[in-house]
Amino acid sequence: MKIAEELITLNDGRTLILRSAEEKDAAAMIDYMKKTAEETHYLVRYPEEISIEPEREKEFLKSNLEADDAAWFTVFEGDKVVGNCSIGRHRNHIKLKHRCDFAIAIEQAYCNTGLGTILMQKAIDKAREIGFEQMELGVYADNDRAIALYKKMGFKESGKSLRAYKLKDGTYIDEIMMVLFL
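The following paragraphs examine the structure supplied in this document. Note that this is a predicted model, so its numbers are computed, not measured.

A closer look at the overall build of the chain
When helices and strands are counted, the chain shows 4 helices and 8 strands. When the helices and strands of the chain are read in sequence order from the N terminus, they spell out β-β-α-α-β-β-β-α-β-α-β-β. Over its C-alpha atoms the chain spans a radius of gyration of 16 Å, differing by no more than 12% from the 16 Å that the globule rule assigns to 182 residues. Seen through its C-alpha atoms, the chain measures out along the principal axes to roughly 40 × 40 × 35 Å. Taking all 182 residues of the chain together, 45% fall into the buried category. The long-range share in the chain, meaning contacts at least 24 apart out of those at least 6 apart in sequence, stands at 59%. On the chain, roughly 9,800 Å² of surface is accessible, and the fraction owed to carbon and sulfur atoms is 48%. Here the chain holds 27 positive side-chain charges and 32 negative ones, and the gap between their average locations is 4 Å.

Focus: the state of the cysteines
This model, assessed by the stated rule, comprises 0 disulfides. Here Cys85 is not disulfide-linked; the sulfur of Cys100 is the nearest cysteine sulfur, at 11 Å. Judged by relative accessible area, which is 0%, Cys85 ranks as buried.

Quick word on the nonpolar core
Counting residues in each nonpolar core, the largest one holds 37 residues, and the members touching the most others are Phe102, Leu119, Met135, Tyr150 and Phe155. With sequence-adjacent residues up to four places away left out, Leu119 is seen in contact with Leu18, Phe73, Val75, Asn84, Cys85, Ile104 and Ile106. In terms of nonpolar packing, the next biggest core, distinct from the first, is built from 14 residues, Ala26, Ile30, Met33 and Phe76 among them.

Here's the deal with the pattern of salt bridges
Summed over the entire model, instances satisfying the criterion amount to 13 salt bridges. Across the pair Arg19 and Asp25 runs a salt bridge, and its minimum N-O distance is 2.8 Å. On the basis of relative accessibility, which here comes to 11%, the residue Arg19 falls in the buried class. Salt-bridge contacts for Glu22 lead to Lys24; the nearest nitrogen and oxygen are separated by 4.0 Å. For Lys24, a relative accessible area of 64% corresponds to the exposed category.

A word on the environment of Leu119
Mapped onto the elements, Leu119 comes out in helix H3 (residues 115-130). Between the C-alpha atom of Leu119 and that of Leu18, which follows or precedes it by 101 residues, the distance is 8.9 Å.

Conventions we followed
- Residues numbered from 1 in each chain as written.
- Predicted model: local features only at pLDDT ≥ 70, side-chain atom pairs only at ≥ 80, totals over all residues.
- Heavy atoms only, no water.
- Helix = DSSP H or I, 4+ residues; strand = E, 2+ residues; numbered from the N terminus.
- Rg over C-alpha atoms; globule rule 2.2 N^0.38 Å.
- Buried < 20%, exposed > 50% of the residue type's maximum accessible area, 1.4 Å probe, protein only.
- Contact = heavy atoms within 4.5 Å.
- Areas by Shrake-Rupley, 256 points an atom, 1.4 Å probe, with all protein chains shown as cover.
- Lys, Arg positive; Asp, Glu negative; His and termini not counted.
- Charge placed at Lys NZ, Arg CZ, Asp CG, Glu CD.
- Disulfide = S-S within 2.5 Å.
- Core = buried A, V, L, I, M, F, W, Y, C linked by side-chain atoms within 4.5 Å.
- Salt bridge = Lys/Arg side-chain N within 4 Å of Asp/Glu carboxyl O.

The following block contains the structure:
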């Protein structure tokens, strides 16, 4: 689903562009994925696991633009991607069509600027517009800042997967599942 371009203003006064990522943004998206994976352990992949070819990323971005049950909100500073969130149908079975998954990642330099709240509100509004009844996410149990944001936006804890993530140093971290009923 294509997201129309709009200017957004962060709490610190910076103005950024919010829109759908397009095929022309494939390299910038790959750079962004690697950068955010380097900055924190809160994402599923390590930077070295991101080996997406630009042509494959172009195809992925094109399919997102054409989807009627998914939306990607990408934030640009010039040509550089600095944040992204997405919603997408959990699964396409009749019993599950009311659910959508939510994911978000923001470069550390843009955290604590209100960007997460802006992105989440856009995603929540779009999920309602599409007709989803609930948004779901999983979050690292040690990601206090994200958990606080999700709770502020109305998400409730719905369960926990013990030792869901194992870091390179052998540390295990639980995953907290959260849900927002729309």
